[in-house]
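# Architecture at a glance
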Amino acid sequence: RELAQIEADKLKLIGTIAAGTAHEIRNPLTGIKGFISLLSQKYTDERDQYYFALIQTEVKRINDIVSELLLIGKPAGLRKETIVVQDVMKEVLPLFESEAQLQHTRVTADLPAYPLRVSISPDHFKQVLLNLSKNALEALEGGGEISIEAAEEGGRIRIRIADTGKGMSAETLRKLFVPFFTMKSTGTGLGLVVCKQILDSYGGSLIIDSRIGAGTTAMIDLPAVQTL
Ligand code: ADP
Ligand code: MG
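Okay, so let's go over this structure.

Calculation criteria
Residues numbered from 1 in each chain as written. Chains lettered and ligands numbered in written order. Predicted model: local features only at pLDDT ≥ 70, side-chain atom pairs only at ≥ 80, totals over all residues. Near = placed C-beta within 6 Å. Helix = DSSP H or I, 4+ residues; strand = E, 2+ residues; numbered from the N terminus. Nonpolar A, V, L, I, M, F, W, Y, C, P; charged D, E, K, R; others polar. Buried ≥ 20, exposed ≤ 12 C-beta atoms within 10 Å, placed from the backbone. Core = buried A, V, L, I, M, F, W, Y, C linked by C-beta atoms within 7 Å. Contact = placed C-beta atoms within 7 Å. Pairing = 2+ DSSP bridges. Axes fitted to C-alpha atoms, helices over the stretch in contact; angles between N-to-C directions. Expected span 1.5 Å × (residues − 1). Bend = angle between axes of the 7 residues up to and from the residue. Parallel < 35°, antiparallel > 145°, perpendicular 65-115°, else oblique. Left-handed = near helix turned anticlockwise from the far one by under 90°.

## With respect to the site of ligand 1
The immediate surroundings of ligand 1 are formed by 23 residues, with Ala 139, Thr 182, Met 183, Gly 187 and Gly 191 found nearest. Within the residue set of the shell around ligand 1, elements represented by two or more residues are helix H4 (122-140) and helix H6 (191-201). Top element by residues in the shell around ligand 1 is H4. It accounts for four residues. Here the shell around ligand 1 is built from residues that sort into nine nonpolar, eleven polar and three charged.

## Examining the environment of Ser 201
Along the chain, Ser 201 falls in helix H6. Residue Ser 201 is classed as partly exposed on the basis of its C-beta count, with 16 C-beta atoms lying within 10 Å. Sequence separation of Ser 201 and Tyr 50 is 151 residues, and the distance between their C-alpha atoms is 43 Å.

## Comments concerning the nonpolar core
Grouped together as the largest cluster of nonpolar side chains are 34 residues, with contacts concentrated most on Val 128, Leu 132, Ile 161, Val 194, Cys 195 and Leu 199. With seven residues, H4 is the single largest residue contributor to this core. Sequence-distant contacts of Val 128, that is, excluding residues within four places in its chain, are made with Cys 195, Ile 198, Leu 199 and Ile 220.

## Side note on the sheet that holds strand E5 (residues 156-163)
The strands making up a sheet associate through hydrogen bonds between their backbones, and the pairing can be parallel or antiparallel. Ordered by their spatial adjacency, five strands build an open sheet running E2-E4-E5-E7-E6, and the pairing between neighbours is mixed. Of all strands in the sheet, those with a lone pairing partner are strand E2 (105-110) and strand E6 (205-211), marking the two edges. Each strand of the sheet is rotated relative to its neighbour by a mean of 15°, with strand direction disregarded. In this sheet, strand E4 (residues 144-153) lies alongside E2 in parallel orientation, the contact comprising six bridges. For Thr 108, the partnering residue across the bridge sits in E4 and is Ser 147. Helix H3 (residues 85-102) contacts E2, E4 and E5 of the sheet and is inclined by roughly 170° relative to E2. Contacts from H6 reach E6 and strand E7 (215-223) within the one sheet, and its direction differs from that of E6 by about 140°.

## Topic: helix H1 (residues 2-42)
Here H1 contains 41 residues, and its C-alpha end-to-end distance of 55 Å stays within 8% of the 60 Å for a straight helix at 1.5 Å per residue. Bending of H1 peaks at approximately 55° at the position of Thr 21. Counting buried positions along H1 yields three of 41 residues, so the element is predominantly exposed. Those residues of H1 that fall on the buried side of the exposure criterion are Leu 11, Gly 15 and Ala 18.

## So, the packing of H3 against H4
The interhelical angle for the contact between H3 and H4, taken along N-to-C directions, is 25°, at an axis separation of 10 Å. Here H3 is positioned roughly parallel relative to H4, judged by the angle of their axes. The hand of the H3/H4 crossing is right-handed. Along its contact with H3, which presents Val 88, Val 92, Phe 96, Glu 99 and Ala 100, the element H4 presents Pro 122, Phe 125, Lys 126, Leu 129, Leu 130, Ser 133 and Leu 137. Of the residues belonging to the contact of H3 with H4, the class tally is nine nonpolar, one polar and two charged.

## Structural notes on H3
Compared with the 26 Å implied by 1.5 Å per residue over 18 residues, the 26 Å span of H3 between its first and last C-alpha is a close match. Most pronounced at Val 92, the bend in H3 amounts to some 35°, and the proline Pro 94 follows within four residues. Those residues of H3 that are buried lie in contact with strand E1 (81-84), E2, strand E3 (117-120), H4, E4 and E5. Phi turns positive one or two residues past the end of H3, at His 104, with a value near 55°.

In short, shape yes, function no, at least from these values alone.
See the structure below:
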């Protein structure tokens, strides 16, 4: 438990540094991106083009890392409000469905008719949904199914994002929340760290259940807002 606190403090510090230096990192990156694009018009040799593409991929990676670290730095920086889960879902689902279609993946959403209310910044909530659904899509590779379910269970709002993807080994499951741990060549290893950090800061949690070869279920758990 103490170790977890040290890890959390360390992360917070990294986030604070990222928040302070984000512009200083992003501005030169924009320059690099632009000049590489110029050079790639001049040097059209196949091998040069390959190198340019690699540089662009790596620049994007740095950008992704900075974006995610920014979220770790100020989870409390955004304003909390009472949101209806279904309303935010309706905004996020189309983005996600179009992405899924390209990968021959079917997405089903089973949301109750009664409104599910939680107190959270809508931007944070969207970020969590997007990170988890992105992982689900990436786990499917050649296609499959993703199902999203939400319900109120004993004063908690639970949202489950389940995929029929490749699942994870016990070893991977153990390292999920270690910053920068990734099994993907273009991953940042920060997606789940950010989700957990965000949910923790609202009195919630993130629970991942997975079986290798069978699939993964990510469960968002947040306190329900009680209405009279
Ligand atoms: P990233 O996606 O950048 O690798 P994440 O923190 O989002 O970072 O995920 C960390 C690792 O956890 C992934 O590299 C992957 O190995 C594993 N993982 C996460 N979600 C899933 C999932 N739905 N199915 C299988 N593996 C997953
Ligand atoms: Mg991810």
